[in-house]
Amino acid sequence: MSSEGKSLQGRVAIVTGASRGIGRAIAESLAQRGADLALVARNEEALNETRALAEQSGVRALTLPLDVSDADAVKGAVEQVTAELGGLDILVNNAGLTRDGLLMRMSEEDWTQVLDVDLKAVFYFCRAAARPLRKSAHGRIINVSSIVGIIGNAGQANYASAKAGLFGLTRSLAKELGGKGTTVNAVAPGFIETDMTASLPQEIRDNSLKSIPVQRLGVPRDIAEVVGFLCEDGAAYVTGTVLPVDGGMSLGSVG
Ligand SMILES: NC(=O)c1ccc[n+]([C@@H]2O[C@H](COP(=O)([O-])OP(=O)(O)OC[C@H]3O[C@@H](n4cnc5c(N)ncnc54)[C@H](O)[C@@H]3O)[C@@H](O)[C@H]2O)c1
């Protein structure tokens, strides 16, 4: 399929955490809009599956197997993308993980690992990508946060702190990078059905559903379509926002 005439045709996008779940759906959404892709995660085999899906839209796609919390690997990856795909227009920081536990039992390792992957790694990618993004006439950074960063969640002090930290990073970079037209936004998904939420007990799923006005759990495509829009020219005047994509879950109790 050709990418002629599509909204992101000729743009180059990095998507982290692209091996499955929301990241894979974002990769497909950007590919369907015509963007060439650099796909980042640790599992090369799974990245190749995402690449095959993206290539069905007629775009070029690179796979970059790496750990996003490795600053040198991140720097090298961004250099490789600009060299091989001819620049960089879009950075989607989606990779993330959870290590849940109540505060009194939370190990320092679980705290540090979540902060390293969910917050510090985003700093690494933004820092490495800032220069090439400023050369683009349509620079975009989208940080995938969580409504847990807004409303908090018992058992996720580490994750909520990292995801809330992304709001400050997003707003600060919106101010730093806006002069060259680069926009920086965050999306805050609610409860989305992926591997991350697959092992949660039925009781938590049922309770979550009761607090969602649109009365369904989210699917990766719900997030991917919003990210796709934020990357398009029509969203050029939206920056520094945190957009909940949660079926209304963060509004509080229903009924
Ligand atoms: N699923 C939800 O309900 C939900 C809700 C709010 C926010 N989010 C956020 O959305 C993003 C995607 O989550 P998902 O539900 O698709 O989860 P997932 O576990 O299915 O996918 C996470 C992705 O991140 C990658 N990743 C994790 N650690 C990495 C590392 N150190 N280096 C490189 N890649 C790494 C994984 O390989 C995978 O590709 C995450 O940032 C998550 O916090 C998810």
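Remember, it's a predicted structure, so these values are computed and weren't measured experimentally.

Undergrad: Is there a simple way to explain the site of the ligand in this structure?
TA: Residues in close proximity to the ligand total 29 residues, the closest being Ser-19, Asn-94, Tyr-159, Ile-192 and Thr-194. Taking Gly-96, its main chain carries an N or O atom lying 3.5 Å from an oxygen atom of the ligand. Notes on the ligand: free accessible area 830 Å², of which the protein chains cover 97%. If you list the elements that add at least two residues to the shell around the ligand, you get α1 (21-32), α6 (157-177) and α7 (195-198).

Undergrad: I'm lost on the packing of α1 against helix α2 (residues 44-55) in this one. Help?
TA: When two helices pack together, their arrangement is given by the angle between the helix axes and the distance between those axes. Axis separation between α1 and α2 bottoms out at 9 Å; the angle between their running directions is 25°. Between α1 and α2, the crossing angle belongs to the class labelled roughly parallel. Like other packed secondary-structure pairs, α1 and α2 cross with a definite hand, here right-handed. Across the interface between the two elements, Arg-24, Ala-27, Glu-28 and Ala-31 of α1 pack against Ala-46, Glu-49, Thr-50, Leu-53 and Ala-54 of α2. Broken down by class, the residue content of the contact of α1 with α2 amounts to five nonpolar, one polar and three charged.

Undergrad: Please explain the nonpolar core as it appears in this structure.
TA: In a soluble, globular protein the nonpolar side chains are often hidden away together inside. If you look at the biggest cluster of nonpolar residues, it comprises 39 residues, and the most contacted ones within it are Ile-14, Leu-66, Val-68, Val-81, Leu-88, Leu-91 and Phe-125. Listing elements by their share of this core, those giving two or more residues are β1 (12-16), β2 (36-41), β3 (61-65), α3 (71-85), α4 (108-135) and α6. No other element matches α4, which puts 11 residues into this core. In contact with Phe-125, other than residues within four places in its own chain, are Ile-14, Thr-16, Val-40, Leu-66, Val-68, Val-74, Val-78, Leu-91 and Asn-93. Judged by nonpolar contacts, the second largest core, of 31 residues, contains Ile-26, Ala-27, Val-59 and Ile-192.

Undergrad: Looking at this model, I keep getting lost on the sheet that holds β2. Mind explaining?
TA: Remark on secondary structure: sheet strands pair via backbone hydrogen bonds, oriented parallel or antiparallel. Strand order in the open sheet formed by seven strands is β3-β2-β1-β4-β5-β6-β7, with parallel pairing between adjacent strands. The open sheet has two free edges, formed respectively by β3 and β7 (242-245), since each of these has just one partner strand. Across the sheet, the mean angle from the axis of one strand to that of its neighbour is 15°, orientation sign disregarded. Sheet analysis places β2 next to β3, joined by five bridges and oriented parallel. Considered in β3, the bridge of Leu-39 is made with Thr-63. With respect to the sheet, α1 is in contact with β1, β2, β4 (90-93) and β5 (140-144), its orientation differing from that of β1 by roughly 170°.

Undergrad: Would you explain α6 in this entry?
TA: One full turn of an α-helix is made of 3.6 residues, so residues set three or four places apart face in the same direction. Over its 21 residues, α6 extends 30 Å from the first C-alpha to the last, a length consistent with the 30 Å expected when each residue adds 1.5 Å. For α6, the full list of buried residues reads Asn-158, Tyr-159, Ala-160, Ala-162, Lys-163, Leu-166, Phe-167, Leu-169, Thr-170, Leu-173, Ala-174 and Leu-177. Structurally, α6 contributes buried residues whose contacts are with α4, β5, α5 (148-151), β6 (183-189), α7 and β7.

Undergrad: Where do I start with the pairing of β2 in this structure?
TA: Each regular strand carries side chains that alternate between the two faces of the sheet. With six of six residues buried, β2 is to be regarded as a mostly interior element. Where burial is concerned, the two faces of β2 agree: the one with Asp-36, Ala-38 and Val-40 and the one with Leu-37, Leu-39 and Ala-41 are both buried. Where β1 and β2 come together, five bridges link them in parallel fashion. Bridging from a neighbouring strand, Thr-16 pairs with Val-40 of β2. Since β2 and β3 lie parallel, the crossover through α2 that links them has a hand, and here it is right-handed.

Undergrad: Just checking my understanding: could you explain the pattern of salt bridges for this structure?
TA: Pairing between side chains of opposite charge can happen when the charged atoms of each approach one another. Applying the stated rule across the entire model yields 10 salt bridges. When the shortest N-O distance is used, the salt bridge between Arg-24 and Glu-49 registers 3.3 Å. On the criterion of sequence distance, the pair formed by Arg-24 in helix α1 and Glu-49 in helix α2 is long-range, its members being 25 residues apart. You can call Glu-49 partly exposed: its relative accessible area is 45%. Residue Arg-33 is joined to Glu-232 by a salt bridge in which the shortest nitrogen-to-oxygen separation is 2.7 Å. With Arg-33 in the loop between α1 and β2 and Glu-232 in the loop between α9 (220-231) and β7, this pair connects stretches of sequence that are 199 residues apart. Just as Arg-33 is buried, Glu-232 falls in that class too.

Undergrad: Help me understand a positive patch on the surface in this model?
TA: Taken together, the side chains of Arg-131, Arg-134, Lys-135 and Lys-180 present a region of like positive charge at the surface. Structurally, Arg-131 can be placed in helix α4.

What counts, and at which threshold
For every chain, the first residue of its written sequence is number 1, and the numbers climb from 1 along that sequence. Where totals are concerned, whole chains, interfaces and linings use all residues; where local detail is concerned, this predicted model gives features only for residues with pLDDT of at least 70, and gives and counts side-chain atom pairs only at 80 or more. Computation of side-chain values covers all heavy atoms of the structure but excludes hydrogens and water. Any residue with a heavy atom positioned within 4 Å of a molecule or strand is treated as near that molecule or strand. Within 3.5 Å is the distance limit for a polar contact, defined as a pair of N or O atoms, with the added protein rule that one can donate a hydrogen and the other accept it, and that residues adjacent in sequence qualify only through two side-chain atoms. Shrake-Rupley sampling with a 1.4 Å probe provides the accessible areas, and residues are treated as covered by the protein chains on show and by no other component. Counting from the N terminus, the helices are DSSP H or I runs at least four residues long and the strands are E runs at least two residues long. Axis definition: a line fitted to C-alpha atoms, limited for helices to the stretch in contact. Angles are taken between N-to-C directions and run from 0 to 180 degrees. Orientation categories follow fixed angle ranges, with anything under 35 degrees roughly parallel, anything over 145 roughly antiparallel, 65 to 115 roughly perpendicular, and all other angles oblique. Put simply, a crossing is left-handed when the front helix is turned counterclockwise from the back one by less than a right angle, and right-handed when it is turned clockwise. Should any heavy atoms of two residues lie within 4.5 Å, those residues are considered in contact. Here the term charged refers only to Asp, Glu, Lys and Arg, the term nonpolar to Ala, Val, Leu, Ile, Met, Phe, Trp, Tyr, Cys and Pro, and the term polar to all other amino acids, Gly among them. Only buried residues count toward a nonpolar core, which is a set of Ala, Val, Leu, Ile, Met, Phe, Trp, Tyr and Cys residues joined through side-chain atoms within 4.5 Å. Think of it in three bands: residues with accessible area under 20% of the maximum for their type are buried, residues over 50% are exposed, and the middle band is partly exposed, with areas taken using a 1.4 Å probe on protein chains only. Should DSSP find at least two bridges between two strands, the strands are regarded as paired. Helix span is expected to be 1.5 Å times the residue number reduced by one. By definition, the crossover connecting two strands over a helix is right-handed if that path, from the first strand to the second, turns clockwise as seen with the strands pointing away from the viewer. Put simply, a salt bridge is a Lys or Arg side-chain nitrogen that is within 4 Å of an Asp or Glu carboxyl oxygen. Patch definition: residues above 30% relative accessible area lacking any salt bridge, with like charges linked at up to 9 Å and the nonpolar side chains Val, Leu, Ile, Met, Phe, Trp and Tyr linked at up to 5 Å. Counted charges follow a simple rule, with Lys and Arg positive, Asp and Glu negative, and His plus the chain ends left uncounted. In plain terms, the charge of a residue is placed at NZ if it is Lys, CZ if Arg, CG if Asp and CD if Glu.

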